[in-house]
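Observations on the model geometry
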Amino acid sequence: MAVATQEKETVRPALSSKARAMMEEINAEAGKSHVWVRTQMNAPAQRPWFADTGGKSGGGAMASGRVAANQLKTLPYRWRWKEYSGFLDRIAGIAAKADVSPIEFADRQSILLTNPGLGGRLQVTNTIRCAISIYNSGDIAPAHVHSPNASRTILSEKGGYTNVEGERCDAERGDIILTPNGTWHDHGNESTTPVIWIDMLDWPLMEFLDCAWVDQNFEPGSGTNAKSQDTVHKNGYSTRLYGAGGMVPTFRSPQIGFGRDPAPLIHFRGVKIREMLEALRGETGDPHEAIQMQFVNPVTGKPVFSTLDYKAQLIRPGEELLPKRETCSTFIVVIAGKGKSEIGGETYDWEENDILVVPNFLWRRHINTGRDDAILYTVSDAALLRNIGQYRAQGRDKSDKVVQLVQ
Ligand SMILES: [Fe+2]
């Protein structure tokens, strides 16, 4: 009897192609119980990332069906200043005449950039949110503190300010002002003309981790208004302490706010950044990045945030960089110059104040097509990826051969 059973099992026909259809029928029911019966293999969109033959576009095949459902992928995109600045002018015009300022009901007068690949979410990459704010004369954004790390990149020539833990940072074009997580900060514009800057935050990452919080309950001191912090330190304070390069003060703690290892140098001056890049323009530079400098925490030598990596690069007139791709996504602000970038096989031309996104894994290369130096500021999540052991980069050499840059 036992032998007969064994024989019967051996000859049982396979379910073959019907199995999938039968399992999908179960899925129709299982979905109500928040269960999915696997009917597809895993298919990350990045495959085959580290094959040398990763293709010119570098993306690999996108997954489909249920496996793809949670694989929203950042797409390359360019926001032109000529297009987005019109929205800023319009909201500033409305705000100037409004009885209730938009800052009161919308927290800011700003536009948020949405990546076309991310389903309308308020983010430009999987980790970065970008808002572009305009402050009319007299506007004040009240003091607050939050878990996301944030920064402003100043587009206007001058006029606005950010106060970070009592340090007044007067904003000028090309400046980067950091508000590390756990630092109280407030913003405003005491000049006579509107000011515009780009806010960047690791907000989507904090949201993904369910760790995004904001505290607006500032206890006012004796400052000029009840919503802002007193100015305890004048403009340039953190630069005097930490901006010398290679030297840090021993008589004070670098701690500002209550976050972990915050970068104590919070105000990088656009003029100085430019000077530094120009002083190095005679160097050969990097074939994929030209003359590039990284913004670091002067106490640790690490990126300014444990999540985001900030860099500035100078590409000389006529300079054509070689292709590169990284596991991080990169957000680019064109501070000066004209050029074009090939990203994932598409070409995007750019000029001053344009903004681009280079998604992770896609090949990209930058070309300065103008007569002047091009200056690009970049923010990427390379810092986070390094911290979790996932940062990798490949380049192509002059013969188009793939070279491992960071394996
Ligand atoms: Fe903030």
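Residues numbered from 1 in each chain as written. Predicted model: local features only at pLDDT ≥ 70, side-chain atom pairs only at ≥ 80, totals over all residues. Heavy atoms only, no water.

1. Some points on the overall build of the protein
Secondary structure summary: the protein contains nine helices and 23 strands in total. The proportion of buried residues among the 407 residues of the protein is 49%. Surface summary for the protein: the accessible area is close to 20800 Å², and the carbon and sulfur share equals 53%. (Helix = DSSP H or I, 4+ residues; strand = E, 2+ residues; numbered from the N terminus. Buried < 20%, exposed > 50% of the residue type's maximum accessible area, 1.4 Å probe, protein only. Areas by Shrake-Rupley, 256 points an atom, 1.4 Å probe, with all protein chains shown as cover.)

2. So, the pairing of strand β4 (residues 140-146)
Side-chain direction in a regular strand flips from residue to residue, so the side chains alternate between the two faces of the sheet. In terms of residue burial, β4 counts as a mostly covered element, since five of its seven residues are buried. The sheet contact formed by β4 and strand β9 (residues 185-189) spans three bridges and is antiparallel. Bridge pairing links histidine 144 to histidine 185 in β9. Note: β4 against strand β11 (residues 214-215), two bridges, orientation antiparallel. Its bridge partner being in β11, histidine 146 is matched across the sheet by valine 214. (Pairing = 2+ DSSP bridges.)

3. Observations concerning the confidence of the model for the protein
Here the protein shows a mean pLDDT of 89. Residues at 70 or above account for 90%. Across residues 1-9, confidence stays below pLDDT 50; counting only partners more than four residues off in sequence or on other chains, it has zero contacts. (pLDDT = per-residue confidence, 0-100. Contact = heavy atoms within 4.5 Å.)

4. Focus on the side chain of histidine 187
Mapped onto the elements of the fold, histidine 187 is located in strand β9. Separated by 2.9 Å, the side chains of histidine 187 and threonine 162 make a polar contact. (Polar contact = N/O pair within 3.5 Å; in protein donor to acceptor, adjacent residues only side chain to side chain.)

5. Describing the packing of aromatic side chains
As enumerated under the stated definition, the model contains eight aromatic pairs in all. On the numbers, 6.3 Å between centres and 75° between planes, the contact of phenylalanine 295 with tyrosine 377 is edge-to-face. Residue phenylalanine 295 is found in strand β13 (residues 291-295), and its partner tyrosine 377 is found in strand β21 (residues 374-380); the two are separated by 82 residues along the sequence. Accessibility assignment for this pair places phenylalanine 295 and tyrosine 377 in one class, buried. Judged by centre distance (5.7 Å) and plane angle (80°), the ring pair of phenylalanine 305 and tyrosine 310 falls under edge-to-face. Here the two residues phenylalanine 305 and tyrosine 310 agree in accessibility, since each one is buried. Through successive ring pairs, a cluster of aromatic residues spans Phe268, Phe295 and Tyr377. (Phe/Tyr/Trp six-rings, centres within 6.5 Å; stacked < 30°, edge-to-face > 60°.)

6. Concerning the environment of leucine 75
With respect to the helices and strands, leucine 75 occurs in the loop between α3 (65-68) and β1 (77-79). Once you skip the residues sitting within four places of it in the chain, leucine 75 turns out to touch Asn115, Pro116, Gly117, Val357 and Pro359.

7. Concerning the sheet that holds strand β16 (residues 330-336)
Here six strands make up an open sheet; going across it, the order is β1-β19-β16-β21-β14-β13 and the pairing antiparallel. This sheet does not close on itself; its edge strands, each paired only once, are β1 and β13. For this sheet, the mean angle separating the axes of adjacent strands, direction not counted, is 20°. Note: β16 against strand β19 (residues 355-358), four bridges, orientation antiparallel. Across the sheet, residue isoleucine 332 finds its bridge partner in β19, namely leucine 356. Across the sheet, helix α8 (residues 270-279) touches β13, β14 (309-315), β16 and β21, and the angle it forms with β14 is around 55°. (Axes fitted to C-alpha atoms, helices over the stretch in contact; angles between N-to-C directions.)

8. Considering the nonpolar core
The biggest cluster of nonpolar side chains holds 53 residues, and the ones touching the most others in it are Ile132, Ile198, Met200, Tyr310 and Phe331. In terms of residues, this core owes the most to one element, strand β10 (residues 195-201), which gives five residues. Residues contacting isoleucine 132, with those up to four places away along its chain left out, are Tyr84, Leu88, Gln109, Ser110, Ile111, Leu113, Ile196, Trp197, Ile198 and Ile355. Judged by nonpolar contacts, the second largest core, of 13 residues, contains Ile315, Ile343, Tyr348 and Val358. (Core = buried A, V, L, I, M, F, W, Y, C linked by side-chain atoms within 4.5 Å.)

9. Some thoughts on the sheet that holds strand β8 (residues 176-179)
Reading across from one edge, β2-β3-β10-β5-β8-β12 is the order of the six strands in this open sheet, with antiparallel pairing throughout. One side of each edge strand has no neighbouring strand; the edge strands of this open sheet are β2 (110-112) and β12 (267-268). Bridge analysis of strand β5 (residues 150-154) against β8 gives four bridges, and the strand direction is antiparallel. Residue pairing in the sheet places serine 151 in a bridge with leucine 178 of β8.

10. Considerations on the pattern of salt bridges
Two side chains that carry opposite charge are able to pair once their charged atoms sit near each other. All chains considered together, the criterion is met by 20 salt bridges. For the salt bridge of aspartate 199 with arginine 152, the shortest nitrogen-to-oxygen distance reads 3.2 Å. One end of the pair, aspartate 199, is in strand β10; the other, arginine 152, is in strand β5, and 47 residues separate them in sequence. With relative accessibility at 9%, the residue aspartate 199 sits in the buried group. As a salt-bridge pair, arginine 274 and glutamate 278 come within 2.9 Å of each other at their nearest N and O atoms. Of the two residues, arginine 274 and glutamate 278 both sit in helix α8, four residues apart, roughly one turn of that helix. One salt-bridge network, in which partners are shared between bridges, spans Glu289, Lys324, Glu326 and Arg364. (Salt bridge = Lys/Arg side-chain N within 4 Å of Asp/Glu carboxyl O.)

11. Here we look at helix α4 (residues 81-97)
Taking 1.5 Å of rise per residue, 17 residues should cover 24 Å, and α4 covers 24 Å from first to last C-alpha, within 8% of that figure. Of the residues making up α4, those classed as buried are Tyr84, Ser85, Leu88, Ala92 and Ala95. Mapping the buried residues of α4 onto a view down its axis gives an arc of 100°, with all of them on the same face. Residues of α4 that are exposed and point over 90 degrees away from its buried face: Lys82, Asp89, Arg90, Ile94 and Lys97. As for α4, its buried residues are in contact with β1, α5 (102-106), β2, β3 (129-135), β10 and β19. (Expected span 1.5 Å × (residues − 1). Arc of directions from axis to C-beta.)

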